[in-house]
Amino acid sequence: MSFDEHALIDYVTRQRWYGAKSRAVSHSQVLDSVVLRTTEPQFAVALVEIRFDTGAHDVYQLLYAMREGELQIEPLDEPQLARELVSAMRSGLTLQAAEGIVEFRPTEGFAGLGRELTVARPVGAEQSNTSVVFDDELILKVFRRLEPGINPELELLRFLTEYGFANVAALGGWYAYSGGPISATLGILQEYVRAGLDGWELALDEIGAAPEAFLARLRRLGEVTGTMHTVLASDQNDPAFAPETPSVESLGLLTATVDEEIERVFLTLPDGDERLAPIRGRGEEVREQL
(Lines give C-alpha, C1' and ligand atoms only; values in the text may rest on other atoms or scores of the structure.)
Protein backbone atom coordinates (compact mmCIF):
# COMPACT_ATOMS: atom_id res chain seq x y z
CA MET A 1 0.00 0.00 0.00
CA SER A 2 1.32 3.47 -0.86
CA PHE A 3 0.21 7.07 -0.48
CA ASP A 4 0.69 10.05 -2.72
CA GLU A 5 3.39 12.13 -1.03
CA HIS A 6 1.65 15.48 -1.46
CA ALA A 7 -1.67 14.09 -0.24
CA LEU A 8 0.09 12.57 2.75
CA ILE A 9 1.76 15.87 3.68
CA ASP A 10 -1.51 17.74 3.23
CA TYR A 11 -3.39 15.28 5.42
CA VAL A 12 -0.89 15.12 8.28
CA THR A 13 -0.25 18.87 8.48
CA ARG A 14 -3.99 19.58 8.75
CA GLN A 15 -4.51 17.41 11.84
CA ARG A 16 -4.89 18.90 15.32
CA TRP A 17 -2.25 16.47 16.61
CA TYR A 18 0.36 17.69 14.12
CA GLY A 19 2.95 19.50 16.24
CA ALA A 20 5.08 21.49 13.79
CA LYS A 21 2.64 23.80 12.06
CA SER A 22 5.19 26.63 11.76
CA ARG A 23 7.76 24.48 9.91
CA ALA A 24 8.03 24.01 6.17
CA VAL A 25 7.71 20.34 5.13
CA SER A 26 10.00 19.20 2.34
CA HIS A 27 9.32 15.47 2.18
CA SER A 28 7.21 12.65 3.57
CA GLN A 29 7.26 8.87 3.28
CA VAL A 30 5.81 5.76 4.86
CA LEU A 31 8.66 4.20 6.85
CA ASP A 32 6.84 0.97 7.62
CA SER A 33 3.35 -0.46 7.87
CA VAL A 34 1.64 -3.60 9.06
CA VAL A 35 -1.79 -5.02 8.24
CA LEU A 36 -3.85 -5.54 11.37
CA ARG A 37 -6.86 -7.14 9.71
CA THR A 38 -6.58 -9.01 6.43
CA THR A 39 -10.28 -9.50 5.64
CA GLU A 40 -12.44 -6.77 4.13
CA PRO A 41 -12.21 -4.05 5.25
CA GLN A 42 -8.46 -4.30 5.82
CA PHE A 43 -7.02 -2.21 8.64
CA ALA A 44 -3.38 -1.21 8.97
CA VAL A 45 -0.94 0.77 11.10
CA ALA A 46 1.68 2.96 9.40
CA LEU A 47 4.70 4.96 10.57
CA VAL A 48 5.07 8.11 8.50
CA GLU A 49 8.11 10.38 8.39
CA ILE A 50 7.59 14.11 7.96
CA ARG A 51 10.87 15.80 7.01
CA PHE A 52 11.41 19.55 7.25
CA ASP A 53 13.53 21.84 5.11
CA THR A 54 15.96 22.18 8.04
CA GLY A 55 16.79 18.48 7.81
CA ALA A 56 14.99 17.56 11.04
CA HIS A 57 12.10 15.11 10.98
CA ASP A 58 9.19 13.76 13.03
CA VAL A 59 7.55 10.34 12.90
CA TYR A 60 3.77 10.01 13.17
CA GLN A 61 1.45 7.05 13.50
CA LEU A 62 -1.35 6.77 10.97
CA LEU A 63 -4.20 4.28 10.94
CA TYR A 64 -5.91 3.50 7.69
CA ALA A 65 -8.30 1.13 5.98
CA MET A 66 -8.58 -0.50 2.57
CA ARG A 67 -12.19 -0.76 1.44
CA GLU A 68 -12.97 -2.12 -2.02
CA GLY A 69 -9.47 -1.24 -3.19
CA GLU A 70 -9.60 2.35 -1.87
CA LEU A 71 -7.24 3.66 0.83
CA GLN A 72 -8.91 5.64 3.62
CA ILE A 73 -6.69 7.37 6.17
CA GLU A 74 -7.85 8.03 9.72
CA PRO A 75 -10.69 5.61 10.29
CA LEU A 76 -10.22 5.61 14.09
CA ASP A 77 -13.61 7.27 14.45
CA GLU A 78 -14.81 4.06 12.81
CA PRO A 79 -15.41 1.86 15.88
CA GLN A 80 -14.49 -1.31 14.03
CA LEU A 81 -10.81 -0.32 13.79
CA ALA A 82 -10.60 0.72 17.44
CA ARG A 83 -12.08 -2.64 18.40
CA GLU A 84 -9.49 -4.40 16.25
CA LEU A 85 -6.68 -2.70 18.17
CA VAL A 86 -8.16 -3.79 21.51
CA SER A 87 -8.79 -7.30 20.19
CA ALA A 88 -5.14 -7.54 19.14
CA MET A 89 -4.07 -6.60 22.69
CA ARG A 90 -6.46 -9.16 24.09
CA SER A 91 -4.90 -11.84 21.90
CA GLY A 92 -1.30 -10.72 22.49
CA LEU A 93 -0.58 -10.54 18.76
CA THR A 94 2.87 -9.98 17.28
CA LEU A 95 2.71 -8.78 13.68
CA GLN A 96 5.62 -8.67 11.26
CA ALA A 97 5.94 -5.46 9.26
CA ALA A 98 8.34 -4.89 6.38
CA GLU A 99 11.10 -3.49 8.60
CA GLY A 100 10.11 -4.19 12.20
CA ILE A 101 7.39 -5.75 14.34
CA VAL A 102 4.30 -4.46 16.12
CA GLU A 103 3.57 -6.14 19.46
CA PHE A 104 0.18 -6.00 21.17
CA ARG A 105 0.28 -6.92 24.85
CA PRO A 106 -2.41 -7.29 27.55
CA THR A 107 -1.90 -6.57 31.23
CA GLU A 108 -2.19 -9.82 33.17
CA GLY A 109 -5.36 -10.01 35.22
CA PHE A 110 -7.04 -6.97 33.68
CA ALA A 111 -10.73 -7.87 33.71
CA GLY A 112 -11.71 -5.17 31.24
CA LEU A 113 -10.18 -7.06 28.33
CA GLY A 114 -12.79 -9.75 28.76
CA ARG A 115 -15.71 -7.41 28.14
CA GLU A 116 -17.61 -7.28 24.89
CA LEU A 117 -17.10 -3.83 23.36
CA THR A 118 -20.28 -2.24 22.04
CA VAL A 119 -20.54 1.57 22.05
CA ALA A 120 -17.38 3.41 20.98
CA ARG A 121 -17.01 7.19 20.84
CA PRO A 122 -13.98 9.33 19.99
CA VAL A 123 -12.69 11.91 22.46
CA GLY A 124 -12.59 15.08 20.40
CA ALA A 125 -10.86 17.50 22.78
CA GLU A 126 -7.35 16.05 22.63
CA GLN A 127 -4.65 17.88 20.73
CA SER A 128 -1.66 15.54 20.56
CA ASN A 129 -3.22 12.07 20.54
CA THR A 130 -6.40 10.29 19.50
CA SER A 131 -8.57 8.47 22.03
CA VAL A 132 -11.67 6.28 21.88
CA VAL A 133 -13.91 5.43 24.85
CA PHE A 134 -15.69 2.07 24.94
CA ASP A 135 -18.94 1.80 26.89
CA ASP A 136 -17.63 4.36 29.43
CA GLU A 137 -15.47 1.49 30.73
CA LEU A 138 -12.23 1.56 28.71
CA ILE A 139 -10.25 4.22 26.90
CA LEU A 140 -7.82 3.56 24.07
CA LYS A 141 -5.17 6.24 23.50
CA VAL A 142 -3.29 6.24 20.20
CA PHE A 143 -0.05 8.23 20.24
CA ARG A 144 0.42 10.26 17.09
CA ARG A 145 3.84 11.94 17.19
CA LEU A 146 6.16 9.12 18.18
CA GLU A 147 9.19 9.46 20.45
CA PRO A 148 11.91 6.80 20.58
CA GLY A 149 11.76 4.42 23.53
CA ILE A 150 9.05 3.53 26.01
CA ASN A 151 6.47 6.28 26.38
CA PRO A 152 6.76 7.66 29.96
CA GLU A 153 3.00 7.31 30.43
CA LEU A 154 3.19 3.59 29.71
CA GLU A 155 6.30 3.20 31.85
CA LEU A 156 4.62 4.79 34.89
CA LEU A 157 1.28 3.05 34.43
CA ARG A 158 2.90 -0.34 34.00
CA PHE A 159 4.94 0.10 37.18
CA LEU A 160 2.06 1.43 39.29
CA THR A 161 -0.33 -1.24 38.04
CA GLU A 162 2.19 -4.02 38.64
CA TYR A 163 2.77 -2.87 42.21
CA GLY A 164 -0.92 -2.52 43.02
CA PHE A 165 -1.30 1.25 43.32
CA ALA A 166 -5.10 1.62 43.35
CA ASN A 167 -5.44 5.38 42.80
CA VAL A 168 -4.79 5.32 39.09
CA ALA A 169 -6.82 4.17 36.11
CA ALA A 170 -5.46 0.66 35.67
CA LEU A 171 -3.44 -0.21 32.59
CA GLY A 172 -5.18 -2.78 30.40
CA GLY A 173 -2.68 -3.20 27.60
CA TRP A 174 -0.49 -1.47 25.03
CA TYR A 175 1.02 -1.85 21.59
CA ALA A 176 4.48 -0.87 20.37
CA TYR A 177 6.73 -0.91 17.32
CA SER A 178 10.36 -2.09 17.37
CA GLY A 179 13.14 -3.39 15.19
CA GLY A 180 12.89 -0.91 12.33
CA PRO A 181 13.62 2.80 11.91
CA ILE A 182 12.32 3.60 15.41
CA SER A 183 11.29 1.75 18.57
CA ALA A 184 8.30 3.46 20.17
CA THR A 185 5.08 2.99 22.10
CA LEU A 186 2.10 3.28 19.76
CA GLY A 187 -0.84 3.21 22.16
CA ILE A 188 -2.23 2.23 25.56
CA LEU A 189 -5.53 0.91 26.92
CA GLN A 190 -6.78 1.94 30.38
CA GLU A 191 -9.80 1.89 32.60
CA TYR A 192 -12.04 4.88 31.91
CA VAL A 193 -12.99 7.04 34.89
CA ARG A 194 -16.64 7.96 34.52
CA ALA A 195 -17.75 11.48 35.36
CA GLY A 196 -14.15 12.53 35.96
CA LEU A 197 -13.57 16.18 36.82
CA ASP A 198 -10.68 18.46 36.03
CA GLY A 199 -8.77 18.93 39.30
CA TRP A 200 -8.10 22.63 38.85
CA GLU A 201 -11.71 23.40 37.93
CA LEU A 202 -12.86 21.42 40.98
CA ALA A 203 -10.49 23.40 43.20
CA LEU A 204 -11.74 26.74 41.86
CA ASP A 205 -15.35 25.72 42.46
CA GLU A 206 -14.85 24.29 45.93
CA ILE A 207 -12.31 26.68 47.41
CA GLY A 208 -14.95 29.39 47.81
CA ALA A 209 -18.10 27.32 48.26
CA ALA A 210 -16.77 24.73 50.73
CA PRO A 211 -13.25 25.61 51.97
CA GLU A 212 -13.20 23.01 54.76
CA ALA A 213 -14.17 20.26 52.34
CA PHE A 214 -11.49 21.57 50.00
CA LEU A 215 -8.87 21.33 52.76
CA ALA A 216 -9.92 17.73 53.45
CA ARG A 217 -9.59 17.00 49.76
CA LEU A 218 -6.10 18.52 49.71
CA ARG A 219 -5.11 16.42 52.71
CA ARG A 220 -6.31 13.28 50.94
CA LEU A 221 -4.45 14.31 47.80
CA GLY A 222 -1.26 14.64 49.85
CA GLU A 223 -1.74 11.17 51.34
CA VAL A 224 -2.32 9.58 47.92
CA THR A 225 0.65 11.41 46.41
CA GLY A 226 2.86 10.22 49.27
CA THR A 227 1.71 6.64 48.76
CA MET A 228 2.37 6.89 45.04
CA HIS A 229 5.95 8.06 45.62
CA THR A 230 6.48 5.25 48.13
CA VAL A 231 5.34 2.72 45.53
CA LEU A 232 7.52 4.29 42.84
CA ALA A 233 10.56 4.00 45.11
CA SER A 234 9.79 0.43 46.20
CA ASP A 235 11.94 -1.43 43.67
CA GLN A 236 15.61 -0.75 44.31
CA ASN A 237 16.58 -2.86 41.30
CA ASP A 238 14.68 -0.83 38.70
CA PRO A 239 17.04 1.92 37.49
CA ALA A 240 14.15 3.97 36.12
CA PHE A 241 12.48 4.28 39.53
CA ALA A 242 15.13 3.50 42.18
CA PRO A 243 15.43 6.48 44.56
CA GLU A 244 18.53 8.63 44.43
CA THR A 245 20.02 10.72 47.24
CA PRO A 246 19.34 14.35 46.38
CA SER A 247 22.10 16.92 46.61
CA VAL A 248 21.93 19.89 48.97
CA GLU A 249 21.47 22.14 45.95
CA SER A 250 18.53 20.17 44.57
CA LEU A 251 16.84 20.09 48.00
CA GLY A 252 17.26 23.83 48.30
CA LEU A 253 15.76 24.35 44.85
CA LEU A 254 12.83 22.05 45.65
CA THR A 255 12.12 23.83 48.94
CA ALA A 256 12.24 27.22 47.26
CA THR A 257 9.89 26.03 44.52
CA VAL A 258 7.34 24.66 46.99
CA ASP A 259 7.60 27.85 49.03
CA GLU A 260 6.88 29.94 45.94
CA GLU A 261 3.89 27.78 45.06
CA ILE A 262 2.44 28.18 48.55
CA GLU A 263 2.98 31.92 48.30
CA ARG A 264 1.17 32.02 45.00
CA VAL A 265 -1.72 29.67 45.78
CA PHE A 266 -2.42 30.19 49.47
CA LEU A 267 -1.25 33.66 50.38
CA THR A 268 -2.57 35.59 47.41
CA LEU A 269 -6.18 34.47 47.72
CA PRO A 270 -8.75 37.29 47.40
CA ASP A 271 -9.09 39.41 50.54
CA GLY A 272 -12.42 40.11 52.17
CA ASP A 273 -13.93 36.65 51.93
CA GLU A 274 -14.03 35.08 55.38
CA ARG A 275 -14.76 31.67 53.89
CA LEU A 276 -11.17 31.57 52.65
CA ALA A 277 -9.61 32.36 56.04
CA PRO A 278 -9.06 28.69 57.03
CA ILE A 279 -7.25 28.02 53.77
CA ARG A 280 -5.14 31.16 54.07
CA GLY A 281 -4.10 30.20 57.59
CA ARG A 282 -3.33 26.62 56.65
CA GLY A 283 -1.05 27.82 53.88
CA GLU A 284 0.96 29.84 56.39
CA GLU A 285 1.27 26.74 58.62
CA VAL A 286 2.56 24.63 55.75
CA ARG A 287 5.04 27.34 54.81
CA GLU A 288 6.40 27.52 58.37
CA GLN A 289 6.96 23.75 58.40
CA LEU A 290 9.26 23.82 55.39
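Residues numbered from 1 in each chain as written. Predicted model: local features only at pLDDT ≥ 70, side-chain atom pairs only at ≥ 80, totals over all residues. Heavy atoms only, no water.

Novice: Break down the side chain of T185 for me, citing the residues and quoting the values.
Specialist: Within the fold, T185 resides in strand β12 (residues 184–191). A distance of 2.9 Å separates the side chain of T185 from the backbone nitrogen of N151, its partner in a polar contact. (Helix = DSSP H or I, 4+ residues; strand = E, 2+ residues; numbered from the N terminus. Polar contact = N/O pair within 3.5 Å; in protein donor to acceptor, adjacent residues only side chain to side chain.)

Novice: For helix α4 (residues 199–209), give the residues involved together with the corresponding values.
Specialist: Those residues of α4 not exposed but buried are A203, E206, I207 and G208. N-capping of α4 is provided by D198, with a side-chain oxygen placed 3.1 Å from the backbone N of W200. (Buried < 20%, exposed > 50% of the residue type's maximum accessible area, 1.4 Å probe, protein only.)

Novice: Describe the packing of helix α3 (residues 152–162) against helix α5 (residues 211–232), naming the residues involved and giving the relevant values.
Specialist: Interhelical geometry of α3 versus α5 gives an angle of 90 degrees and a closest axis separation of 10 Å. One way to sum up the angle between α3 and α5 is to call them roughly perpendicular. Residues L156, F159 and L160 of α3 form the contact with α5, whose own contacting residues are M228, V231 and L232. Split by residue class, the contact of α3 with α5 holds six nonpolar, no polar and no charged. (Axes fitted to C-alpha atoms, helices over the stretch in contact; angles between N-to-C directions. Parallel < 35°, antiparallel > 145°, perpendicular 65-115°, else oblique. Contact = heavy atoms within 4.5 Å. Nonpolar A, V, L, I, M, F, W, Y, C, P; charged D, E, K, R; others polar.)

Novice: Hey, could you go over the side chain of T107 for me, with residue numbers and the actual values?
Specialist: By the element assignment, T107 lies in the loop between β6 (101–106) and β7 (120–123). Of the polar contacts made by the side chain of T107, one reaches the backbone oxygen of L171; its length is 3.1 Å. Setting aside anything within four residues of it in sequence, one finds T107 in contact with L113, T161, L171, G172, G173 and W174.

Novice: Residue-level account of the sheet that holds strand β11 (residues 171–178), with values.
Specialist: Strand order in this open sheet of seven strands is β5-β6-β11-β12-β9-β8-β7, and the pairing throughout is antiparallel. Every interior strand has two partners, whereas the edge strands, β5 (94–96) and β7, have only one. The sheet shows a mean angle of 15 degrees between the axes of neighbouring strands, taken without regard to direction. Summarising the sheet, β11 and β12 pair through six bridges and their orientation is antiparallel. Looking across to β12, one finds that G173 is bridged to L189. Packed on one face of the sheet, helix α2 (residues 79–91) meets β6, β7, β8 (129–134), β9 (138–143), β11 and β12 and runs near 75 degrees to β6. (Pairing = 2+ DSSP bridges.)

Novice: Which residues make up a nonpolar patch on the surface, and what values do they have?
Specialist: A cluster of nonpolar side chains, L251, L254 and V258, forms an exposed patch at the surface whose accessible area comes to about 250 Å². Locating V258 in the fold gives a position in helix α6 (residues 248–265). (Patch = residues over 30% accessible without salt bridge, like charges linked within 9 Å, V, L, I, M, F, W, Y side chains within 5 Å. Areas by Shrake-Rupley, 256 points an atom, 1.4 Å probe, with all protein chains shown as cover. Salt bridge = Lys/Arg side-chain N within 4 Å of Asp/Glu carboxyl O.)

Novice: Tell me about the packing of aromatic side chains, and please be specific about residues and values.
Specialist: By the definition in use, this model includes six aromatic pairs. A centroid spacing of 5.7 Å and a plane angle of 40 degrees characterise the contact between Y18 and Y60, whose relative ring orientation is tilted. Of this pair, Y18 sits in the loop between α1 (5–13) and β1 (25–37) while Y60 is found in strand β3 (residues 57–67), placing the two residues 42 residues apart along the sequence. Residues Y18 and Y60 agree in their burial class; the two are buried. Consider the rings of F104 and Y175, whose centres lie 5.1 Å apart with planes at 5 degrees: the pair is stacked. (Phe/Tyr/Trp six-rings, centres within 6.5 Å; stacked < 30°, edge-to-face > 60°.)

Novice: An account of the nonpolar core is needed here, citing residue identities and associated values.
Specialist: Counting residues in hydrophobic clusters, the biggest one holds 42 residues, and the most contacted among them are L85, F104, F134, L140 and Y175. Examining the composition of this core, we find that six residues originate from one element, α2, more than from any other. Once residues within four sequence positions are removed from consideration, F104 is found in contact with L36, L85, A88, M89, G92, L93, L95, W174 and Y175. Within the second largest apolar cluster, 15 residues are counted, among which are V12, Y18, A44 and Y64. (Core = buried A, V, L, I, M, F, W, Y, C linked by side-chain atoms within 4.5 Å.)

Novice: Account for the pairing of β3, naming residues and giving values.
Specialist: Along β3, nine of the eleven residues are buried, which leaves the element largely enclosed by surrounding structure. Bridge count for strand β2 (residues 42–52) against β3 is ten bridges, and the pairing is antiparallel. Bridging across to β3, E49 finds its partner in V59. Across two bridges, the pairing between β3 and strand β10 (residues 145–146) is antiparallel. By the bridge assignment for β10, V59 is matched with L146. Pairing of β3 with strand β4 (residues 70–73), which is carried by four bridges, proceeds in the antiparallel orientation. By the bridge assignment for β4, M66 is matched with L71. The hairpin turn running from β3 into β4, its antiparallel successor, is two residues long, and E68 in that turn takes a positive phi close to 50 degrees.

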